[in-house]
Structure formats: C-alpha cells, structure tokens
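For reference, the chains in residue letters:
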Protein chains: 2
Amino acid sequence: MPIEHSPFSKAEYDRRISQTRTAMAAAGIDVLFVTDPSNQAWLTGYDGWSFYVHQGVVLDLDRDPHWWGRMQDANGARRTVWMNDERVLGYADQYIQSRTCHPMEDLAGHLRAMGFERSRVGVEMENYYYSAKAHAVLAAELPNAVLVDATALVNWQRGVKSHEEMEFIRKAARISESIVRVALETAEPGLRKNELVAEIARASLIGVNDAWGDYPAIVPLTPSGIDATAPHLTWNGNKMKKGEITFFELSGCYRRYHAPLCRSLFLGRPPQNMLDVSEALADGLEAGLEAARAGNRACDIANALNSELTKAGIDRDERCGYAVGLSYPPDWGERTVSLRSTDETVLLPGMTFHFMPGLWLEEWGLETTETIVIAEDGPAEALCNVERKLFVKA
Amino acid sequence: MPIEHSPFSKAEYDRRISQTRTAMAAAGIDVLFVTDPSNQAWLTGYDGWSFYVHQGVVLDLDRDPHWWGRMQDANGARRTVWMNDERVLGYADQYIQSRTCHPMEDLAGHLRAMGFERSRVGVEMENYYYSAKAHAVLAAELPNAVLVDATALVNWQRGVKSHEEMEFIRKAARISESIVRVALETAEPGLRKNELVAEIARASLIGVNDAWGDYPAIVPLTPSGIDATAPHLTWNGNKMKKGEITFFELSGCYRRYHAPLCRSLFLGRPPQNMLDVSEALADGLEAGLEAARAGNRACDIANALNSELTKAGIDRDERCGYAVGLSYPPDWGERTVSLRSTDETVLLPGMTFHFMPGLWLEEWGLETTETIVIAEDGPAEALCNVERKLFVKA
C-alpha cells in the first residue's frame, strides 16, 4: 500500500518501530513475533477481519518488518501495510484448521531462513491469538531458539498517544457522544432491546461528519433491571419496561481507535437510593479526574474514586479502568495499565484511559464512565461531553 | 437460571453432556476444561461478552459441570446457565490482566479441591481463549496432572444439529435473507460504504418477526473493486462506484446460531467474463449440493465444485466451506470439518455447513455461497432462498 493511503505518516510508523526496538533490545530479544491484531496494526497498518487464523508481524532489530499470514489474506496485507510487497508472506490454505499440520511450521521455516534458528524470539504468551498449541509447535520447530515471553511489550509502547492518534480518538469520541444520545433518545417502555441496539449500531457506523464509523471491539452492552447486575450480558428481544434502569456501555470507533462512554437511564421515577448512588459516582469520577495528573500514578485515580464511593457507603473492589485506544475484538482495552489500588504506573501526558467504575449491585447496575487523556498540566480531560448523571425518562 | 428461561430444554443439554462424556472417556480424559465460548454455551447455556478474560467450563464424568470465571461475570453466569448457583465459581478481580498473578492459579486450586490433582485434564490447546501463558501456568500449578490436548473435542460433538438447534439456524437464515436483500437494495453509486454497512447492521439486529437479531461472530464484509481481491478487508468511508463489483459476506444470528449467506452486486454493466465466472460458480454450487449427501464425504462436495470450476478455467485451491452453527467472535465456523479435497469426514444428516467457494481474483472478487444442511436422503438443502447469480444494478 502506498503510504499516502495509510492512516498514519511514515514518521509515525518509524517512531513506533524504533520505540519497539528499544524495548526489544532491553529485553534481549532478537526478533519479535507479534500476534495481537492491535499490535500488528500499530506497527504496520495491517487491518482486516482475518485474526481468526494464525498471522502476525515479524520484527527484528534492523530490517523492515514482515507481515505473515494466510495466503488469501496476503492481498489484504498488500493493501494495508506500509512495507513493500516482498515483506508480505503467505502460507498455503492447507494449514487452515488442519488436523495434520499447523501454520507455525510455516512460520518457523521463515524464521530459520531469516537466520533466527538460534536466536531469542519474543512471543506474546498471553494473547487471544497465540494459542497454547501455536506455542508448542513453534517451540518444537525451533529447538535451538529461546522463546522469550514478550506479552504486552508492544502494548506498553502504545500507552502515550501521538498527535495523529489523538485525532482519531477524538473522532471516536464524537461518535461515542452521538450513540449515547441515540440510546438515551430511543429507549422507551415497550421497545424491544434488539431494536434499541439496532439504532445504536446504525448510528455508530454512520458516524459523525467525516468520522465514518468502524466496528467497536465490543458490541453494545445494554442490560436492564436484574440483568444489569451483570456487566457483560448482551441483548435479547425482550421489551424495555417502566421502573427499570438500563446501562449503555458503548464506544464509537474510528479506524480502530476507541473512546468508550457509558451512561444509564431509568424509565419512570427512580428510587432515591439510585439517585444517591449516581451522585456519589459522579463525585468519584470528578475526584478521579482531579487525581489523573501527569506524575501521579494509576492507583491515585482509583483511590480518589474509592474514597468518594466509601463516603457514600459503596464498597467497590474491582478495577475502575484501563488503558484504551487502538483495538480489535474481543477487548477495546490495551491490556497494560489498570486503574486499581495496586497499579503504580506513573501517568504521562497523552495516556488515554477508560475510567470505568461500573457498579453492578444486588438488584440493579449503573454505569457512568469517561474516556480521559492525561494532560501536560492539571487534571485529565474527559474526551466526551455528555452530562454525568442518571438520565430519567418519566 | 431456571431452565424454563433457557434457550434449550434440559433434555437437550443432557444429550450434549452425555455425548461429550463419551468422547472424554474415549480419549482417557477425567476432567475437561472448556475455554471455547461456543463450547461453554453449548454445554451450559452461558452467554455473555466476557470471553476477553479467562473463563471456562469444568466438566467431569459424573457431576454437573461448573462454570468458572471472573467474579463480576458470575452474576451473568447465574442468569444464563442451567446448573444450580453453587456450580458457578468466581475469581477475584485482582487476577484480571495482572502482571503478578494469573487466573489459572485460581482454576488450579479448584481442580485440586475437586480431586483432579493427579488426573488427566483435557485442555483446548488450539483455541483463541486458551493462551500459551494460561497453559504454562496451569501446567506449573498441576505438576502431577497430565494435560491432554482436547482441541475441538466438544466442537466435534456439535456437528450434527438437533431439532431444537435447527429451529434456531432456520431463524438465522431468515435474518440472512433479509440482510442480503437490504444490502442489494441499498447499495448504489455514491453511497458511502459505512452507510451501507449501517443499514445491514441495523437490519441484522431488527431481525425477522420473532427472530430478534443477535450479533454475528464476524462483522459484515463488503469490499468493492480491487479491495474485493482480499477476502477479509472491512469497510471504510469511501463511496461506492459505478463499474465495480462488491461482495456481501453476511450472516444473520439468532441466539448465537448462524446461517451465513454471501451474494455479489455489480453497479453498472458487468464485463462478460464476470458473468461467466458467476455462472460457473452457480453450477459448482449446484454440483456441490448434489454431492452433499449423507454417506458421502466432505471432500466429495469440494471435488464436485472444483470439477465445475475447472471446466470454466478457474483453478481454486482454498477450502470451500466449513461446519457452522453456534459461535462467538472471531469466527462463525465450528473449526472441525473443512470442505476440501483432503477432508474425508463422512457426512451425516443434520450436519450444517457454510458452502463458501469465494473467488478472490487478480482484479476483483465474487462470492455466492449457501448455508446447507445434510438431509436424510437426497441432496443437501440450502437454508436461504436468494437467487444464485451476480446481481446487477444498471
């Protein structure tokens, strides 16, 4: 793909590759096999729904990376990566979901041919797309290499967003605002939940102006009433009811970048304790934003939130957020920093988080959240502009 | 969850558990740890977008299965599985994406407490949701157990669909017809591709009558022109153009069951060779359906197709389909039977396949496909009813 069609400048990709190489060198890694689709896209621009078969990026310390995957997906790679066509490697279709051979046999052949037979090879041990079997086959095929756990090595390089990346995230935030408003406006007693989600999905793909909608890495979560005691139930065909709270856990997506945003809606007149909890949560978010300053730590955000929640008698011990940005299903998080009392990661300007203190209680649940960016000075900026409250439709 | 709210009867779950135990016994497995979300749902009914963290089903040879996962998702499990609440096990939030501990430490503790410290434990080595790291931790935590590769052991039990399952797949097929028609009707020169996909997504969630739309395991694939030379590129904000072919790779989904259906559309007047290729493909599908009979083998379908394609000068060596049914992202296939010349699986009545001979050529691509069910007698039945041809909008 000519770089002029690429989402990012060549300078941006150069920065990413260079940062990653520094981390590789520090970890004593000669060559890195990157399976996380987000990391593949971040390093090379590769984009396609082909991560259900084995594929990855091979990056060493000096040459342009290779993209390696199924032969039929090599066409898609040639159309999306910034490298020259000869850096795209395809393996034969017979390896797909076979009971007699495995794609890692093909990859190992390439690694040997590239001179990495006795090298330290970094692999992402904890990743959806690097199976236990893939690891076993690669290890058996490269008996003289050392496979080094490089889980999240690239993910950590993605924490501080560049100016180019922030433009994408801000576009995603415009879409997030739009779809949360659609959800709030469309929801009403008698509406089937799948019909509500249909309008949310439509709006998320229409996007906002030039920000066309890409698919978010998680589907809309919109449980009501007792179903909202669980954070991850998806919708069904039941009708929305008066007297129930519904939370909307949504994200716009622009070119794979996310800015998740959650709000909650009560149909009817909410009980006072629900309003009180919502207010305590808004106070906690405000306190967390104040604490989310460059130089502070991830745990400071969590502690600031929890101190407000404790005042209101709410004991919440789950993590309350995570790094966010470029992602593919099944998770829009970056799987690096967690906002929780045990995470002492120092906050840097340009880091983006989904500050996500969802409350899943005994009989109902409530979510009010923000995607935030750490500023050079002062408190973090919330990227979306939707009032922080429990919405009510009488 | 009371069984009356469950998608399936208790007898249906009993059948599934019993079949799986027979396969476990044959493989010498004492206890099976099931990570594939489709297998979890098939065995227990568990349904939720929580598969981005470690979770699974523990099944032994005599007791009701356990569902094990993140504490906050235990609420969702209690609302979706058929087992009693005490069969739902939750682990603490501190294990989530941690750098110091791993959820498999918790699972190993349960397996030891259940008496499986020295047992043969089946694990799905080749699965998106069983990482290399998960396997390494489990193996270290259970040094006296034998971890046996049980990849696809449950998937193979899912091949022949029950009457209850076929009802779901037929509902998905109604949705597939509806969304392919929406795509064909909506597409026109000047329409931005994301706007087309927005209408497809909306229709897929609205569903058809009582068949409310669930999320398909793959997003709509709708590439045009040169992008259609690659099978898995997703959409962007570019406008559709006269003189280009677009393929629609879509599936309706009803309660996680799929019936994929692909058709192609030319805007303008298609070149003769494109019409010829489309006709050869329709002939190939017809020949494949004829060969798709109980007692024949999977390869017979592929060979029948390829023999028609070869007559038309088309040399196609990718697999031309796969088993399909219940699934979660990132793949709607069952990852068992592949329709290709090397797969000698004997076809049984009730098996369902996506017969998918996509053509991704030098300058364009074309897809006409069917979801089929193997009949008791005679050729396979195509579940959707949309004409098999290249659609044209002048």
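Above this text sits the structure in question.
Residues numbered from 1 in each chain as written. Chains lettered and ligands numbered in written order. Predicted model: local features only at pLDDT ≥ 70, side-chain atom pairs only at ≥ 80, totals over all residues. Heavy atoms only, no water.

Participant: Would you mind showing me how to read helix α4 (residues 103-113) of chain A here?
Facilitator: At 3.6 residues per turn, the α-helix brings residues three or four places apart onto the same side. Restricting attention to buried positions, one finds in α4(A) the residues A:Pro103, A:Met104, A:Asp106, A:Leu107, A:Ala108 and A:Leu111. Contact partners of the buried residues in α4(A): β1 (31-34), β2 (56-60), β3 (66-70), β4 (88-91), β5 (120-123) and α5 (132-141) of chain A. (Buried < 20%, exposed > 50% of the residue type's maximum accessible area, 1.4 Å probe, protein only. Helix = DSSP H or I, 4+ residues; strand = E, 2+ residues; numbered from the N terminus. Contact = heavy atoms within 4.5 Å.)

Participant: What exactly am I supposed to notice about the packing of helix α7 (residues 163-186) of chain B against helix α8 (residues 193-206) of chain B here?
Facilitator: Helix-helix packing is characterised by the crossing angle of the two axes and by the distance between the axes. Residues and elements named next belong to chain B. Where α7 contacts α8, the two axes come as close as 9 Å, and the packing angle between them is 155°. The angle between α7 and α8 places the two elements in the roughly antiparallel class. You can see that α7 and α8 cross each other, and the crossing is right-handed. Touching Ile 175, Ile 179, Val 182, Ala 183 and Thr 186 of α7 are Leu 196, Glu 199, Ile 200, Ala 203 and Ser 204, all from α8. Class assignment for the residues of the contact of α7 with α8 results in seven nonpolar, two polar and one charged. (Axes fitted to C-alpha atoms, helices over the stretch in contact; angles between N-to-C directions. Parallel < 35°, antiparallel > 145°, perpendicular 65-115°, else oblique. Left-handed = near helix turned anticlockwise from the far one by under 90°. Nonpolar A, V, L, I, M, F, W, Y, C, P; charged D, E, K, R; others polar.)

Participant: Could you clarify how one ought to interpret the relation of the copies chain B and chain A in this entry?
Facilitator: The relation between the two chain copies is a rotation about an axis coupled with a shift along that axis. Overlaying chain B on chain A yields an RMSD of 0.0 Å, the required transformation being a rotation through 180° with an accompanying axial translation of 0.0 Å. Taken together, the rotation and translation describe the operation of a two-fold axis. When C-alpha distances to the rotation axis are compared across chain B, the minimum falls at B:Ala132, with a value of 1.9 Å. (Least-squares fit on C-alpha atoms with pLDDT ≥ 70 in both.)

Participant: Would you mind showing me how to read the interface of chain B and chain A here?
Facilitator: Think of interface size as the accessible area that goes away when the parts come together; that is how it is often given. Listed as interface residues are 78 residues of chain B and, on the opposing side, 79 residues of chain A. Summing the contributions of chain B and of chain A, the shared interface buries around 6400 Å²; its carbon and sulfur component is 55%. Where chain B packs against chain A, one counts eight salt bridges. Taking the shortest distance from any N to any O, the salt bridge between B:Lys133 and A:Asp149 comes out at 3.9 Å. For the side of chain B that touches chain A, the secondary-structure elements that each account for two or more residues are α3 (71-80), α5 (132-141), α8 and β10 (333-338) of chain B. Element by element, the count of residues in the side of chain B that touches chain A is highest for α8(B), at nine residues. Taken together, the residues of the side of chain B that touches chain A sort by class into 31 nonpolar, 24 polar and 23 charged. (Buried area = accessible area lost by both parts, 1.4 Å probe. Salt bridge = Lys/Arg side-chain N within 4 Å of Asp/Glu carboxyl O.)

Participant: Got a minute to help me understand the sheet that holds β2(A) in this structure?
Facilitator: Pairing between the strands of a sheet comes from backbone hydrogen bonds, and it takes one of two forms, parallel or antiparallel. Residues and elements named next belong to chain A. The strand order β4-β3-β2-β1-β5-β6 describes an open sheet built from six strands, whose pairing is mixed. Two strands lie at the open edges of the sheet, namely β4 and β6 (146-149), each paired on one side alone. Strand-to-strand twist across the sheet, computed as the mean angle between neighbouring axes with direction ignored, equals 25°. As defined by bridge partners, β5 adjoins β6 across four bridges and the pair is classed as parallel. Bridged to Val 123 within β6 is Asp 149. On top of the sheet, helix α3 (residues 71-80) reaches β3 and β4; it is set at about 140° to β3, its chief contact. (Pairing = 2+ DSSP bridges.)

Participant: Where do I start with the sheet that holds strand β3 (residues 66-70) of chain B in this structure?
Facilitator: Residues and elements named next belong to chain B. Strand order in the open sheet formed by six strands is β4-β3-β2-β1-β5-β6, with mixed pairing between adjacent strands. The open sheet has two free edges, formed respectively by β4 (88-91) and β6 (146-149), since each of these has just one partner strand. Here the strands of the sheet are splayed against their neighbours by 25° on average, with no regard to which way each runs. Packing of α3 onto the sheet brings it into contact with β3 and β4, and relative to β3 it is tilted by some 140°.

Participant: Would you take a moment to explain the side chain of B:Arg335 for this structure?
Facilitator: Mapped onto the secondary structure, B:Arg335 falls in strand β10. Engagement of the side chain of B:Arg335 in a polar contact is seen with the side chain of B:Asp331, the distance being 3.4 Å. At a separation of 3.2 Å, a polar atom in the side chain of B:Arg335 contacts the main-chain carbonyl oxygen of B:Gly333. For B:Arg335, the residues in contact, after removing those within four places along its chain, are A:Gln97, B:Asp36, B:Asn127, B:Tyr128, B:Ala152 and B:Asn155. (Polar contact = N/O pair within 3.5 Å; in protein donor to acceptor, adjacent residues only side chain to side chain.)

Participant: Could you clarify how one ought to interpret empty space enclosed by the protein in this entry?
Facilitator: Over the atoms a probe the size of a water molecule is rolled, and this reveals where empty space is left. Under the criterion given, the structure shown has six cavities of 30 Å³ or more. Taken as a whole, the largest cavity spans an internal volume of roughly 450 Å³. Around the largest cavity, the lining is made up of 33 residues, and of these A:Tyr215, A:Val219, B:Tyr215, B:Pro216 and B:Val219 lie nearest the centre. Its residues assigned to classes, the lining of the largest cavity comprises 28 nonpolar, four polar and one charged. Reported here for the second largest cavity is a volume of approximately 160 Å³. Of the residues assigned to the lining of the second largest cavity, the class counts are seven nonpolar, three polar and six charged. (1 Å grid on protein atoms, 1.4 Å probe; cavity = no way out; pocket = protein on both sides within 12 Å on 5 of 7 lines; lining within 4 Å. Points joined across faces, edges and corners; volume = space filled by probe spheres on them.)

Participant: Please explain the pairing of β3(B) as it appears in this structure.
Facilitator: Working note: regular strand, side chains alternate between the two faces of the sheet. All names here are of chain B. Across the five residues of β3, five count as buried, placing the element largely inside the fold. Bridge count for strand β2 (residues 56-60) against β3 is three bridges, and the pairing is antiparallel. Note on β3: the bridge partner recorded for Val 57 is Trp 67. Between β2 and β3, which pair antiparallel in sequence order, lie five residues. As paired strands, β3 and β4 are joined by four bridges and run parallel to one another. Looking at the pairing, Gly 69 lines up with Gly 90 of β4. Following the chain from β3 across α3 to the adjacent parallel β4, one finds a crossover that is right-handed. (Right-handed = clockwise from strand over helix to strand, strands pointing away.)

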